[in-house]
There are 2 protein chains.
Amino acid sequence: MRAFACIAAAATLLAIAAPASAQFAKPEDAIKYRQSALSVMGTHFGRIGAMVNGKIPFDAKAAVENAEIVAEMAKLPWAAFGPGTDKGGNTKAKPEIWTEQAKFKEYSDKMVLETGKLVIASKTGNLDVLKTAFAATAETCKSCHDAFRNK
Amino acid sequence: MRAFACIAAAATLLAIAAPASAQFAKPEDAIKYRQSALSVMGTHFGRIGAMVNGKIPFDAKAAVENAEIVAEMAKLPWAAFGPGTDKGGNTKAKPEIWTEQAKFKEYSDKMVLETGKLVIASKTGNLDVLKTAFAATAETCKSCHDAFRNK
């Protein structure tokens, strides 16, 4: 019994101590996951962009729906940039993600914040307010890509 | 002025009349989008599966978080199975998706419903309740894959 309890305790401890990256069996899985989440986010962000840039008519309801998906997706990719996920798939991630973790976290936190603001802005139903929030969010995409993503 | 107004009206009409698939510039974009959404969903559904199957310890809070992402993602892929998106990328989609639209819609609606129940079940904090909802959701994945996805 004692051995079993010890193994169970160790297993629990391991589960608690495990970094988020351990939720992925292989680096490829983490890479595929983060790329998928960012891709879905990009699709919906692009639809707001099309409204903001006048390529499609402004639809206040659709703007909210798209912004809410963007904000939900914005929370997901970061846990999949764990240790050891710099290689193993077709990734454009720069090594700086893992050598400048504080900066990377600052950028990803900023993006989560700005996408949250994007939802609030979309709910005003005011295209000018949405434009401002869209630009601020787009700037967080760009600054992070410039620093941490290979071309 | 009249010509401009006419073009603007036509553009608006087109945007209203356009099917969801028209939200994607190319079939490849729609295919990538739906695969990405389903992949993110699969990752989080798999984490609930690992708890349900005893591969990782049951964590009620994590179960809710994962179920909520599953349910959100479950709403997304279907708009990306529009006309013309049967080819153009590396897709396993069977032609039956487009020839048996009512059945496909019935299956996707069922999945949205079951993932909604999965969230409710996860919030009970009861592993047995979660197991039942997980099995029901997994069955909707399987039946749809059997009917509409190539191996």
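Now for a look at the structure at hand. Here the structure is a predicted model, which is why all the values come from computation and not from measurement.

## As for the overall build of chain A
Then, number 1: Within chain A, the secondary structure is distributed over 6 helices and 0 strands.
Then, number 2: Helices and strands in chain A line up, N terminus first, as α-α-α-α-α-α.
Then, number 3: The burial tally for chain A puts 38% of its 151 residues in the buried class.
Then, number 4: Once local pairs closer than 6 in sequence are excluded, the contacts in chain A between residues at least 24 apart make up 76%.

## Details of the interface of chain A and chain B
The extent of an interface is frequently quoted as the accessible surface area lost upon association of the parts.
Then, number 1: Taken together, the contact between chain A and chain B spans 16 residues of the former and 17 residues of the latter.
Then, number 2: Summing both partners gives a buried area of about 1400 Å² for chain A against chain B, and 67% of it is carried by carbon and sulfur.
Then, number 3: A per-residue breakdown of the area chain A buries against chain B is headed by Y33(A), V40(A) and R47(A), which together make up 33% of the total.
Then, number 4: On inspection of chain A and its partner chain B, the count reaches 0 salt bridges.
Then, number 5: Along the contact surface separating chain A from chain B lie 4 residue pairs in polar contact (both at pLDDT 80 or more).
Then, number 6: Looking at the side of chain A that touches chain B, the elements that each hand over two or more residues are α2 (27-52) and α3 (60-74) of chain A.
Then, number 7: By residue number, the principal contributor to the side of chain A that touches chain B is α2(A), which donates 9 residues.

## Considerations on the packing of aromatic side chains
Geometrically, a pair of aromatic rings is defined through the distance of the ring centres and the angle of the planes.
Then, number 1: With the rule as written, the count across this model stands at 16 aromatic pairs over all chains.
Then, number 2: On the basis of an interplanar angle of 50° and a centroid distance of 5.2 Å, the ring pair of F24(B) and Y33(B) is categorised as tilted. Judged on exposure class, the residue F24(B) and its partner Y33(B) are both buried.
Then, number 3: Where Y107(B) meets F148(B), the ring centres are 5.8 Å apart and the plane angle is 80°; that geometry is what we call edge-to-face. Here Y107(B), found in helix α5 (residues 101-123), pairs with F148(B), found in helix α6 (residues 127-148); they are 41 residues apart in sequence, far enough to count as distant.
Then, number 4: The structure contains a cluster of three or more aromatic residues connected by ring pairs, namely W78(A), F81(A), W98(A), F104(A), Y107(A) and F148(A).
Then, number 5: Across the ring face of Y33(B), the terminal group of R47(A) is positioned such that the distance to the ring centre comes to 5.9 Å.

Conventions used here
- Residues numbered from 1 in each chain as written.
- Chains lettered and ligands numbered in written order.
- Predicted model: local features only at pLDDT ≥ 70, side-chain atom pairs only at ≥ 80, totals over all residues.
- Heavy atoms only, no water.
- Helix = DSSP H or I, 4+ residues; strand = E, 2+ residues; numbered from the N terminus.
- Buried < 20%, exposed > 50% of the residue type's maximum accessible area, 1.4 Å probe, protein only.
- Contact = heavy atoms within 4.5 Å.
- Buried area = accessible area lost by both parts, 1.4 Å probe.
- Salt bridge = Lys/Arg side-chain N within 4 Å of Asp/Glu carboxyl O.
- Polar contact = N/O pair within 3.5 Å; in protein donor to acceptor, adjacent residues only side chain to side chain.
- Phe/Tyr/Trp six-rings, centres within 6.5 Å; stacked < 30°, edge-to-face > 60°.
- Lys NZ or Arg CZ within 6 Å of the ring centre and 35° of its normal.

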